[in-house]
Amino acid sequence: MIRFESVTAIYPGHTARALDDVDVLVDEGEFVFLVGESGSGKSTFLRLVLREMKAARGKVYVAGKDVGRLRWGVPKHRRRVGTVFQDFRLLPTKTVAQNVAFALQVIGKPRAQIQQLVPETLELVGLSGMGQRLPDELSGGEQQRVAIARAFVNRPQILIADEPTGNLDPHTSDEIMGLLDRINRTGTTVLMATHDVGVVDQMRKRVVELDGGRVVRDQLRGVYGHSY
Amino acid sequence: MIRFESVTAIYPGHTARALDDVDVLVDEGEFVFLVGESGSGKSTFLRLVLREMKAARGKVYVAGKDVGRLRWGVPKHRRRVGTVFQDFRLLPTKTVAQNVAFALQVIGKPRAQIQQLVPETLELVGLSGMGQRLPDELSGGEQQRVAIARAFVNRPQILIADEPTGNLDPHTSDEIMGLLDRINRTGTTVLMATHDVGVVDQMRKRVVELDGGRVVRDQLRGVYGHSY
Amino acid sequence: MHLRYVFSETRTGLRRNVSMSIALIVTIFVSLTLVGMGLLLNSQADKAERFWGDKLQITVFMCNANSQVDTCEGEVTAAQKATIESTIAASPEVDSFYFQGKERAFETWKEVYLSQDSEQQEIYSTVTADDMQESYWIKLKDPEQFQGIKAALGEEQGVAAVRDLREVLKPIYFWMTAMKWGAIAVAGFLLIAAIMQVGNTIRMAAYARRKEIGIMRLVGASRLYISLPFLIETLVAATIGVALAAAAMLTFMYVVIYGMLRPTSTIVEWVDWQDSFLAIGGVAALGLALTLLPTLLMTRKYLKV
Amino acid sequence: MHLRYVFSETRTGLRRNVSMSIALIVTIFVSLTLVGMGLLLNSQADKAERFWGDKLQITVFMCNANSQVDTCEGEVTAAQKATIESTIAASPEVDSFYFQGKERAFETWKEVYLSQDSEQQEIYSTVTADDMQESYWIKLKDPEQFQGIKAALGEEQGVAAVRDLREVLKPIYFWMTAMKWGAIAVAGFLLIAAIMQVGNTIRMAAYARRKEIGIMRLVGASRLYISLPFLIETLVAATIGVALAAAAMLTFMYVVIYGMLRPTSTIVEWVDWQDSFLAIGGVAALGLALTLLPTLLMTRKYLKV
Ligand SMILES: Nc1ncnc2c1ncn2[C@@H]1O[C@H](COP(=O)(O)OP(=O)(O)OP(=O)(O)O)[C@@H](O)[C@H]1O
Ligand SMILES: Nc1ncnc2c1ncn2[C@@H]1O[C@H](COP(=O)(O)OP(=O)(O)OP(=O)(O)O)[C@@H](O)[C@H]1O
Ligand SMILES: [Mg+2]
Ligand SMILES: [Mg+2]
């Protein structure tokens, strides 16, 4: 599903390598944690998958496509990848249902399909009945559920999450992880960057650890790190 | 040093109470954790101290002054309070030393004093020799040190930190907490909002827990919560 | 595509940036109006040139009893007239010519100098047909080739003066040209300002909508879909600006040209509705081009996918 | 206060928003130039009024041999003139008056109609002093009170015409006033655009510097310190705009008024350097006021402490 072939990433105007000769293969339906210190390259890894940036060297394949070669196909590629961030990124003037529907409208889905998918997805993430609320009437955990619903409403093959529990307290984090797990069980590949020890240790999923842009550990059913 | 007298806070255009009849007294030199779920009102509490917003009811005293009454005195009040955020908020085009010096320049400190205070403070936070680097040449932990240096360079009486370890991995978080502890030992009152269980449990400082805008626990040498 | 969304976004965009939009519309409006006035003045100059150019370009005035130039000794004689006429007929520069008697000259004089004001008629009531001069009106083959005939006739006995109409009209052309270029220069400055404002409007709109745009990019909205509201926003501004400019020009045509100049002053052919429509067309094309081009450039710059 | 910081911030601000600044400067420049031209036209109209108003306002033309109006029967007689003069002297509306003979009238006629073009001199060389009319030039106590004397003289025998100079000058005043208000209307539109652009410039600058501003507020920089770069930024733009407008007006004065109009045309008093300095002063005051006010408003709005 995702294949990195000796990928090196450098931010424009910089010389340091944000990723340095990374080889990773993620199969369809896997649940992978990306861990590592701040600045180790986790977000960069996800940006490459999303084609927000291009690899300086090496190739990134997503769903069989060399994303570095995409140009006009970038939007279409992104429709296959759902994304969730630490800061939710909801539109504060739209209701929960409108926020989720927005993701379908702007890619031109017909109205009928939107009216079916949105409530369905809100129920899946445990927000049925909250469709008419505004984001700031929700708790952080509920807001993150909306963000997940928006990422998942188009049924992407891959779900990317960059520290989705970074702003949440431990209890809420657990609930969100349960939700991501459920989404993973539908067959969606989940790739999550985090440095939340509790979350990683509890889930016991595959762990890829980065350090200074290099993969230093790739462990099935891993924990956060040795020292903790 | 900080006194909340039955403080209620409501965001403009909203009816829900972000803080609801809160009474808290923080003495000079104390180290206080504000904990609680997302949306419980931690950031609102800090905003009131910083006079970023006004209490709807009740009074907030900081260093003996009723901050709700301040108008033209707001800038002067803020010079007594240093602030650190989760996202560092450094100026990317300025070097580390310039970022710290900026905080002194804009309040009109004389050049000589700046040239003395900046290196002194950088050494205090453990960044001596890194003054000429740009923020994105630093790790997250180092960036947070810069932010702390900026907050502390004017030797404020109070240091406010809103989830300062939220973007940091556990090891780096520990280092930052050590630094805040050291600053606290110089006599500076430290008020820190967090939901980082590890940090709170390890420090064993006073813990004020908020829930739905109310104080539900105020414990000396406390831990994060009962359930964890 | 959800056009409803696009239009509602455009509407919110225009409303949100209302001060920006008004500034943009006003600048487009004023600059285009000035360009349009420049075009009208251009048409007017062409028309005047054609009007006077269709008339005869050189007029040879005969001496009358009062003439006091060297070549005159009282009223021109029949023999002198015959010589003059043969000189004109023999010149290779002359295309055609005709003779104008004193009565006709007096008619023209009255038309030009007396038509406007009834009081002036009384003032000049002292002038009679006999004070007028007989004249030959000559049409040249090439209006620029007048030196030979002018020189030849100037020395002829019985010729009081040779008038080249172009000389007389020079100051009029000068002022028309000056005003035209003045209007176009001012318009040029404002057009630069307008182009930059288009860029700024888009930058500001992109900033105001940065959250939406970020999410659109994230979920895979197409480039066109993201930039369409911006395009339409500036297009609407440009259209309003063009419409205002057109209205201003038509008002000018109706009030000044048709209401005041055409009825009273007939010594020149004035611009008509057709000229103004042409000018408006040019202005519309310019307005749209000058807003669409920076819009396309700016959306590429600020809305990278 | 670290003025170095303030100035370097201003400079970066102007450079960062270069397109915004240029648009703003151009709009200020053009609108102020138009306002300045309106003020100059106003001075010109005042001057003309004073020039012609200082002259005598009513002219009574006597009959000459060619006069064909009812009240004339050949050249005016001495008795008629005496009656006319006593009518004038008796009128309560008249301040003073004098008599003008035929020779003096001919001088004036030549000055007005013949000065421009040597060829025209030849054309009108048929006119002699004897074709002129004798006249009384009357200065009124109140220029508006002319009905009584005009009516009284109009029926007097030997009077060919009574000319009220105000009537003759009406179209000239009309065009001057029209151009003045046209310039001021266009300038008004552009000034609105300029004010809005000032607001937008500040909004954009506040956005571009939002991180700095956030930190400044956080560490307790004073309101003044935070808004000073914005103030100076628009002040610099306004100053450049005013300077350009002043340069444009002075160029106009030098090239058009002093270079072309003053030397050639002496039938009216033209605006002088002093008038242009006054206009420039007004324009400068307007320009500064119209940028400072929105700046103060906008910094209050976008830079809340
Ligand atoms: N926009 C950027 N411009 C320049 N350099 C960047 C940028 N973003 C990240 N970097 C650099 O790239 C490297 C990897 O950063 P990245 O954001 O991928 O780390 P991360 O593992 O996500 O860290 P964190 O846990 O703090 O989010 C770091 O050295 C960082 O300084
Ligand atoms: N800018 C805002 N406008 C309106 N409501 C707000 C705003 N910021 C916070 N709130 C509301 O005020 C309440 C308290 O929010 P606050 O940010 O203080 O919580 P918090 O404890 O800091 O949460 P978190 O851990 O997510 O940062 C919440 O209900 C929130 O929805
Ligand atoms: Mg990251
Ligand atoms: Mg908070």
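Quick note: structure is the one above.
Calculation notes
- Residues numbered from 1 in each chain as written.
- Chains lettered and ligands numbered in written order.
- Predicted model: local features only at pLDDT ≥ 70, side-chain atom pairs only at ≥ 80, totals over all residues.
- Heavy atoms only, no water.
- Phe/Tyr/Trp six-rings, centres within 6.5 Å; stacked < 30°, edge-to-face > 60°.
- Buried < 20%, exposed > 50% of the residue type's maximum accessible area, 1.4 Å probe, protein only.
- Near = heavy atom within 4 Å.
- Polar contact = N/O pair within 3.5 Å; in protein donor to acceptor, adjacent residues only side chain to side chain.
- Areas by Shrake-Rupley, 256 points an atom, 1.4 Å probe, with all protein chains shown as cover.
- Helix = DSSP H or I, 4+ residues; strand = E, 2+ residues; numbered from the N terminus.
- Salt bridge = Lys/Arg side-chain N within 4 Å of Asp/Glu carboxyl O.
- Contact = heavy atoms within 4.5 Å.
- Buried area = accessible area lost by both parts, 1.4 Å probe.
- Nonpolar A, V, L, I, M, F, W, Y, C, P; charged D, E, K, R; others polar.
- Pairing = 2+ DSSP bridges.
- Axes fitted to C-alpha atoms, helices over the stretch in contact; angles between N-to-C directions.

Asks: Help me get a handle on the packing of aromatic side chains, residues and values and all.
Replies: Inspection of every chain in the model, using the stated rule, returns 15 aromatic pairs over all chains. Centre to centre, the rings of F31 of chain B and F33 of chain B are 5.3 Å apart; their planes meet at 55°, and the pair counts as tilted. Here the two residues F31 of chain B and F33 of chain B agree in accessibility, since each one is buried. Members of the aromatic cluster, each reached through a chain of ring pairs, are F97, F99 and Y136 of chain C.

Asks: Would you mind going over the site of ligand 2 in detail, with residue names and values included?
Replies: Inspection of the region around ligand 2 gives 15 residues, with S38, G39, K42, S43 and T44 of chain B positioned closest. Each of chains A and B places residues near ligand 2. In this structure, an oxygen atom belonging to ligand 2 sits 3.0 Å away from a main-chain N or O atom of D136 of chain A. Here an oxygen atom of ligand 2 sits 3.3 Å away from a polar atom, N or O, in the main chain of S40 of chain B. Notes on ligand 2: free accessible area 630 Å², of which the protein chains cover 71%.

Asks: Tell me about helix α3 (residues 96-105) of chain A, and name the residues and values.
Replies: For α3 of chain A, a buried count of eight out of ten residues is recorded, marking the element as mostly surrounded by other parts of the structure. Residues of α3 of chain A that are buried: V96, A97, N99, V100, A101, F102, A103 and L104 of chain A.

Asks: Tell me about the pattern of salt bridges, and name the residues and values.
Replies: Taken as a whole and assessed by the stated rule, the structure comprises 35 salt bridges over all chains. Between D66 of chain B and K59 of chain B there is a salt bridge whose closest N-O contact spans 3.3 Å. Judged by its relative accessible area of 14%, D66 of chain B falls in the buried class. For K59 of chain B, a relative accessible area of 34% gives the class partly exposed. Among the ionic pairs, K81 of chain D bridges to E134 of chain D, the shortest N-O distance being 3.2 Å. Of this pair, K81 of chain D sits in helix α3 (residues 78-90) while E134 of chain D sits in the loop between α5 (118-123) and β3 (135-140), and the two are 53 residues apart along the sequence. It is possible to trace a salt-bridge network through shared partners that takes in R17, D20 and R214 of chain A.

Asks: Report on the interface of chain A and chain C, specifying residues and quantitative values.
Replies: Facing the 25 residues of chain A at the interface are 15 residues of chain C. When chain A packs against chain C, the two sides together hide about 1,900 Å² of surface, and 61% of this comes from carbon and sulfur. Broken down residue by residue, the surface that chain A buries against chain C is led by R78, F102 and V106 of chain A, which jointly contribute 29%. Here chain A and chain C share one salt bridge between them. Close ionic contact of E52 of chain A with R217 of chain C constitutes a salt bridge, the shortest N to O distance being 3.5 Å. Run the count over chain A and chain C and you get four residue pairs in polar contact (both at pLDDT 80 or more). Broken down by secondary-structure element, the contributors of at least two residues to the side of chain A that touches chain C are α2 (74-79), β6 (81-85), α3 and α4 (111-124) of chain A. Split into classes, the residues belonging to the side of chain A that touches chain C amount to 14 nonpolar, three polar and eight charged.

Asks: Could you give me a rundown of the sheet that holds β3 of chain D, with the residues and numbers involved?
Replies: All names here are of chain D. If you walk across this open sheet you meet the four strands as β2-β3-β1-β4, and the pairing is antiparallel. This sheet does not close on itself; its edge strands, each paired only once, are β2 (94-100) and β4 (159-164). Taking the axes of each pair of neighbouring strands and ignoring which way they run, one obtains an average angle of 20° across the sheet. As defined by bridge partners, strand β1 (residues 58-62) adjoins β4 across five bridges and the pair is classed as antiparallel. By the bridge assignment for β4, M62 is matched with V159. Against the sheet, helix α6 (residues 147-154) makes contact with β1, β2, β3 and β4, and its axis sits at roughly 165° relative to β4, the strand it touches most.

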